[in-house]
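Observations on the model geometry
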Amino acid sequence: MSENVQSMFLAPAGLYLPLVVALVLALRRPPRRGAAGDRTKLVEAFLIGIACQCAHTIEEFVTGVHLLYPPLIGLVPLSAELFVGFNIFWLGVWVLSALGVLRGSRVAYFPVWFFGLAMCLNGILHPLLAVWVAGYFPGLVTSPIVGIMGVVVIQRLFAVTDGNG
């Protein structure tokens, strides 16, 4: 496997666990019926979170996270195109899932759970990476904001889903 392909699959490996947990939560916690008002509150927080994630992605890109992070874990840097493409893909999935949640689609909850969990992880990992490098690490400034939005989205997900599913 080429070093570029290896980096493409291993650099975001920290997101694989929240992806699996999101799938489990989406399968085990179906949306509650008749929670249209709560779904609207969830989507409002989710869209604000997506906007915060856009700012976070811009900070990461401008400050070179795609160049600096992979070498910290023994990988080659990611191309700008791959980094931007990866993030645009997820932003698109999240926007579409917001529409799905408003329409009551159960499948749409999976990306929302992933978003909430991944944002919480961002809020924790960027400060830890800054400690690791003993200084600023790309994404540090906006990471607390996306971390907080992740918590808000998860709280609202628990409010609109049923744990007895």
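It should be emphasised that the depicted structure is a prediction, and the values quoted were computed from it without experimental measurement.

Once that is clear, we can look at the layout of surface pockets. Put simply, the largest pocket is a space of about 830 Å³. Those elements that provide at least two residues to the lining of the largest pocket are helix 2 (16-28), helix 3 (36-62), helix 4 (65-72), helix 5 (80-102) and helix 6 (109-133). Of the residues forming the lining of the largest pocket, the biggest block, nine residues, is contributed by helix 6. Split into classes, the residues belonging to the lining of the largest pocket amount to 24 nonpolar, eight polar and one charged.

In this section: helix 2. An ideal rise of 1.5 Å per residue puts 18 Å on 13 residues; helix 2 measures up with 18 Å between its terminal C-alpha atoms. Taken as a whole, helix 2 has its buried residues at Pro 18, Ala 22, Leu 25 and Ala 26. Here the buried residues of helix 2 occupy an arc of 100° about the axis, which is enough to place them on one side. More than 90 degrees from the buried face of helix 2, the exposed residues found are Leu 17, Val 20, Leu 27 and Arg 28.

One pass over the full model with this rule turns up eight aromatic pairs. Look at Trp 94 and Phe 115: their rings are 4.9 Å apart centre to centre, the planes differ by 80°, and that puts the pair in the edge-to-face class. With Trp 94 in helix 5 and Phe 115 in helix 6, the pair connects residues that are 21 residues apart, well separated along the chain. Of the residues examined, Trp 94 reaches a relative accessible area of 4% and is grouped as buried. On the basis of relative accessibility, which here comes to 0%, the residue Phe 115 falls in the buried class. Counting every residue linked through ring pairs, the aromatic cluster contains Phe 46, Phe 89, Trp 90, Trp 94, Phe 114 and Phe 115.

We now examine the nonpolar core. Nonpolar side chains tend toward joint burial in soluble globular proteins. Counting residues in hydrophobic clusters, the biggest one holds 29 residues, and the most contacted among them are Leu 42, Phe 46, Trp 94, Trp 113 and Val 153. Those elements that place two or more of their residues in this core are helix 2, helix 3, helix 5, helix 6 and helix 7 (143-160). If you tally residues by element for this core, the top one is helix 6, at eight residues. Those residues within four positions of Val 153 in sequence are excluded, and the remaining contacts are Leu 42, Ala 45, Phe 46, Val 112, Phe 115 and Gly 116. Counting five residues, the second largest nonpolar core, distinct from the first, contains Val 65, Leu 129, Ala 130 and Phe 137.

For the coordinates displayed, the defined rule picks out one salt bridge. Asp 38 serves as the salt-bridge partner of Arg 32, at 3.4 Å between the closest nitrogen and oxygen. You can call Arg 32 partly exposed: its relative accessible area is 32%. Taking the relative accessible area as the measure of exposure, Asp 38 reaches 28% and is therefore partly exposed.

Rules used throughout
- Residues numbered from 1 in each chain as written.
- Predicted model: local features only at pLDDT ≥ 70, side-chain atom pairs only at ≥ 80, totals over all residues.
- Heavy atoms only, no water.
- 1 Å grid on protein atoms, 1.4 Å probe; cavity = no way out; pocket = protein on both sides within 12 Å on 5 of 7 lines; lining within 4 Å.
- Points joined across faces, edges and corners; volume = space filled by probe spheres on them.
- Helix = DSSP H or I, 4+ residues; strand = E, 2+ residues; numbered from the N terminus.
- Nonpolar A, V, L, I, M, F, W, Y, C, P; charged D, E, K, R; others polar.
- Expected span 1.5 Å × (residues − 1).
- Buried < 20%, exposed > 50% of the residue type's maximum accessible area, 1.4 Å probe, protein only.
- Arc of directions from axis to C-beta.
- Phe/Tyr/Trp six-rings, centres within 6.5 Å; stacked < 30°, edge-to-face > 60°.
- Core = buried A, V, L, I, M, F, W, Y, C linked by side-chain atoms within 4.5 Å.
- Contact = heavy atoms within 4.5 Å.
- Salt bridge = Lys/Arg side-chain N within 4 Å of Asp/Glu carboxyl O.

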